[in-house]
Amino acid sequence: YDAALDYHQQAVDAALPTAAYMPFLAVQPLGSLGSVFLEISPHYLDRALDCHGQALRMLEHPAGVIAGGTAWADLGFCVLAQGQLALAGELFHKGLNYPTMFMHLERPRFLVGLTTLALRQGQLDEAERLVAEACAYAEERQMRHLYPLLALTRGQTAAARGRGEEALAAFSQAEALAREMGMRPQVWQAQAAAASLLTQQGRQAEALAQRQSARRLIGEIADGITDATRRAYYLDHALTQL
């Protein structure tokens, strides 16, 4: 996370001097930087909102909106985490439908956002349709970097429909794929999802093993955060999800 913050901040610093006439260069790193802050901890919500607020204003510019194909996903997941469901839906639909340079590359992420939104609203048939479309789209184009996220979302959808074993298989697949690509946050997130479902099924020993594995990985990630306050915030946020 230290490296992610550093690289994104460098990108923002390089892009902002050109924002008056090439705002799209700043929109993308601002969107991503805000998302990194939010992933570390809700304690950095103000920082995330500042980044995303700047990006949102730049998206109103004709030369800024062309970067919406990535930024609307970042902004959508941010407001979804705050419970602003209507705005999240609007942003995800914009990403899917407004013609931009990156709309096809980011299409699975927008569909995942709408799947999560449908699950929040209890629209299970719609959620299942959306995640199936996202998976088919990504698999057809071999977008492997999205496979863990898609498997995790597919598992969450199956769990919501009461198909426990199917959900556990999807969580296991998400973990394996993420581990293969070194995507450590998604490894422990898949383990946490599996642990929650196993607990509901009364399989306490299996749930404990998943939680212990996730806790170890969270600790390893935290060890790479040099700022003590940021590290503490990250640990509190991540461990709460277990």
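Look a little higher up for the structure.
Numbers given for residues are sequential positions, taken from 1 along each chain in its written order. Given that this is a predicted model, residues contribute local features only at a pLDDT of at least 70 and side-chain atom pairs are listed and counted only at 80 or more, while totals for whole chains, interfaces and linings are drawn from all residues. Based on all heavy atoms of the structure, the side-chain values leave hydrogens and waters out of the count.

**Section: the nonpolar core**
Val27, Leu30, Leu150, Trp188 and Tyr234 are the most contacted members of the largest nonpolar core, which has 62 residues in total. Looking at this core, the element that brings in the most residues is helix α2 (residues 24-40), giving eight residues. Leave out the neighbours within four places in its chain, and Tyr234 touches Tyr1, Ile40, Ser41, Trp188, Ile218, Ile221, Ala222 and Ile225. By convention a nonpolar core is built from buried Ala, Val, Leu, Ile, Met, Phe, Trp, Tyr and Cys residues, the set being connected through side-chain atoms within 4.5 Å. We call a residue buried when its accessible area falls under 20% of the maximum for its residue type, exposed when it is over 50%, and partly exposed in between, using a 1.4 Å probe and counting protein chains only. Strands here mean DSSP runs of E at least two residues long; helices mean DSSP runs of H or I at least four residues long; both are numbered from the N terminus. In what follows, a contact means two residues having at least one pair of non-hydrogen atoms within 4.5 Å.

**What to know about the pattern of salt bridges**
Criterion for a salt bridge: a side-chain nitrogen of Lys or Arg within 4 Å of a carboxyl oxygen of Asp or Glu. Across all of its chains, the model carries 15 salt bridges by this definition. Across the salt bridge formed by Arg107 and Glu133, the nearest N and O atoms sit 2.8 Å from each other. Residue Arg107 is found in helix α6 (residues 107-120), and its partner Glu133 is found in helix α7 (residues 124-140); the two are separated by 26 residues along the sequence. Judged by relative accessible area, Arg107 falls into the partly exposed class, the value being 23%. Take Glu133: its relative accessible area is 27%, and that puts it in the partly exposed class. Among the ionic pairs, Arg129 bridges to Glu133, the shortest N-O distance being 3.4 Å. Of this pair, Arg129 and Glu133 are both found in helix α7, four residues apart, which corresponds to roughly one turn of the helix. Given the relative accessible area of 43%, Arg129 is considered partly exposed. When salt bridges with common partners are traced through the structure, they connect Asp125, Glu128, Arg161, Arg163 and Glu166 into a single cluster.

**Considerations on the environment of Ala73**
Residue position: Ala73 is located in helix α4 (residues 68-81). Taking the C-alpha atoms as reference points, Ala73 and Leu150, 77 residues apart in sequence, are found 15 Å from one another. Ala73 has contacts with Phe92, Arg109 and Phe110, leaving out every residue within four places of it along the chain.

**Structural notes on the side chain of Asp74**
As for its position among the elements, Asp74 is in helix α4. N or O atoms within 3.5 Å of each other form a polar contact, as long as, within protein, one can give a hydrogen and the other can take it, and as long as residues adjacent in sequence are counted only when both atoms are side-chain atoms. Among the polar contacts made by the side chain of Asp74, one reaches the side chain of Ser35 at a distance of 3.0 Å. Filtering out sequence-adjacent residues up to four positions away, Asp74 remains in contact with Gly31, Ser32, Ser35, His52 and Arg109.

That's the geometry; what it means functionally is another story.
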